[in-house]
Amino acid sequence: MDYDAFLSFHGVEFGLMEGTDGLLIVKTGSGGTIYGRENKYLTLATRIMERHNVSVMVSDNPLEIAPEENMSTTMSVAADYIASRNVVSSVFYFGVSKGGQYGAMYGYHYPFVQKWLLLNMPVMIDWHKSKAGLMKMPTDQEVTLLFGERDPSYPYVELIDLLRRENIKRVTLPDVGHTFSHEIDEFLRLAERFLFDEE
């Protein structure tokens, strides 16, 4: 089991699993690879493609590339893929940790994404940038911010409630930590629960 294709642009690596009915963009955490711990991103991509026939593009998150450039490279590659496949709907983004924070900070630049799922983003780092980005998010884009109860950011999540935006919701995952090291099955279900509306 492996990705169908591999891409590299401006120092950002991508693994692509090809489907036909939309695109899920996955942005890993800081320093994360396209495989992740115990191949969790490859397993996620395979699961989504097989169950929903959606293409999955997993983008790594190199430490040496500035956040805005890192995100713009990922989304530029995604936009090119969308254009080349004539994808007009079912474009979702799943960002993990720093990948989630990049979605909060810069997501408003990418109106082709219908739903954003931002997992365990570090609220206590650059909150002013995350807040500013979330406040600019178009109201027709759904944003779900997920936090494990044992994540280091959990004590700060009430800041999100102060945004009072109808298209932004916060969800708590009971007894879950930052890396999902003991909850991999739950991690694999998150995209289906919150992006594909499966329970």
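Before reading further, recall that the structure is shown in the block above.
This one's a predicted model, so the numbers in the text were calculated from it and none came from an experiment.

Each value, and the rule that gives it
- Residues numbered from 1 in each chain as written.
- Predicted model: local features only at pLDDT ≥ 70, side-chain atom pairs only at ≥ 80, totals over all residues.
- Heavy atoms only, no water.
- Pairing = 2+ DSSP bridges.
- Helix = DSSP H or I, 4+ residues; strand = E, 2+ residues; numbered from the N terminus.
- Axes fitted to C-alpha atoms, helices over the stretch in contact; angles between N-to-C directions.
- Parallel < 35°, antiparallel > 145°, perpendicular 65-115°, else oblique.
- Left-handed = near helix turned anticlockwise from the far one by under 90°.
- Contact = heavy atoms within 4.5 Å.
- Nonpolar A, V, L, I, M, F, W, Y, C, P; charged D, E, K, R; others polar.
- Buried < 20%, exposed > 50% of the residue type's maximum accessible area, 1.4 Å probe, protein only.
- Right-handed = clockwise from strand over helix to strand, strands pointing away.

**Q** Explain the sheet that holds strand 4 (residues 55-59) to me, please; I cannot follow it from the model alone.
**A** Strand pairing in a sheet takes place through backbone hydrogen bonds and is either antiparallel or parallel in direction. A sheet is described by the order of its strands in space; here eight strands give the open sequence 1-2-4-3-5-6-7-8, paired in mixed fashion. Strands with a single pairing partner mark the edges of an open sheet, and in this sheet they are strand 1 (5-9) and strand 8 (168-173). With strand direction ignored, the average angle separating the axes of adjacent strands in the sheet is 20 degrees. In the sheet, strand 6 (residues 115-119) pairs with strand 7 (residues 142-148) via five bridges, with the strands oriented parallel.

**Q** Just to check I follow, could you spell out the packing of helix 1 (residues 40-52) against helix 6 (residues 184-194) for this structure?
**A** What describes two packed helices is the angle between their axes and the distance between those same axes. Two elements in contact, helix 1 and helix 6, have axes separated by 10 Å at closest approach and are oriented at 45 degrees. Relative to helix 6, helix 1 is oriented oblique. Of the two possible hands of crossing, helix 1 and helix 6 adopt the one that is right-handed. Counted together, Lys 40, Tyr 41, Thr 43, Leu 44, Arg 47, Ile 48, Arg 51 and His 52 of helix 1 and Ile 184, Phe 187, Leu 188, Arg 189, Ala 191 and Glu 192 of helix 6 form the full contact between these two elements. Residue composition of the contact of helix 1 with helix 6, by class: seven nonpolar, two polar and five charged.

**Q** What exactly am I supposed to notice about the pairing of strand 3 (residues 23-27) here?
**A** In the case of a regular strand, side chains alternate between the two sheet surfaces. Most of strand 3 sits out of view: five of its five residues are buried. In the sheet, strand 3 pairs with strand 4 via five bridges, with the strands oriented parallel. In the strand pairing of strand 4, Val 26 is matched with Val 58. A crossover links strand 3 with its parallel partner strand 4, the connecting element being helix 1, and its sense is right-handed.

**Q** Can you walk me through the pairing of strand 6 in this structure?
**A** Where burial is concerned, most of strand 6 is hidden: five out of the five residues are buried. Every second residue of strand 6 is oriented toward a common face, with Lys 115, Leu 117 and Leu 119 on one face and Trp 116 and Leu 118 on the other, all of them buried. Both strand 5 (residues 91-96) and strand 6 contribute to a ladder of five bridges, which runs parallel. Note on strand 6: the bridge partner recorded for Gly 95 is Leu 118. The β-α-β motif built from strand 5, the intervening helix 3 (residues 98-106) and the parallel element strand 6 has right-handed crossover chirality. Crossover strand 6 to strand 7 through helix 4 (residues 127-135) is right-handed.

**Q** It is not clear to me how unusual backbone geometry should be interpreted in this structure. Could you clarify?
**A** A positive phi angle, close to 55 degrees, is found at Glu 38, a residue other than glycine. We note that Asn 39 has phi near 60 degrees; this positive angle belongs to a residue other than glycine. Here Asn 39 shows up in the loop between strand 3 and helix 1.

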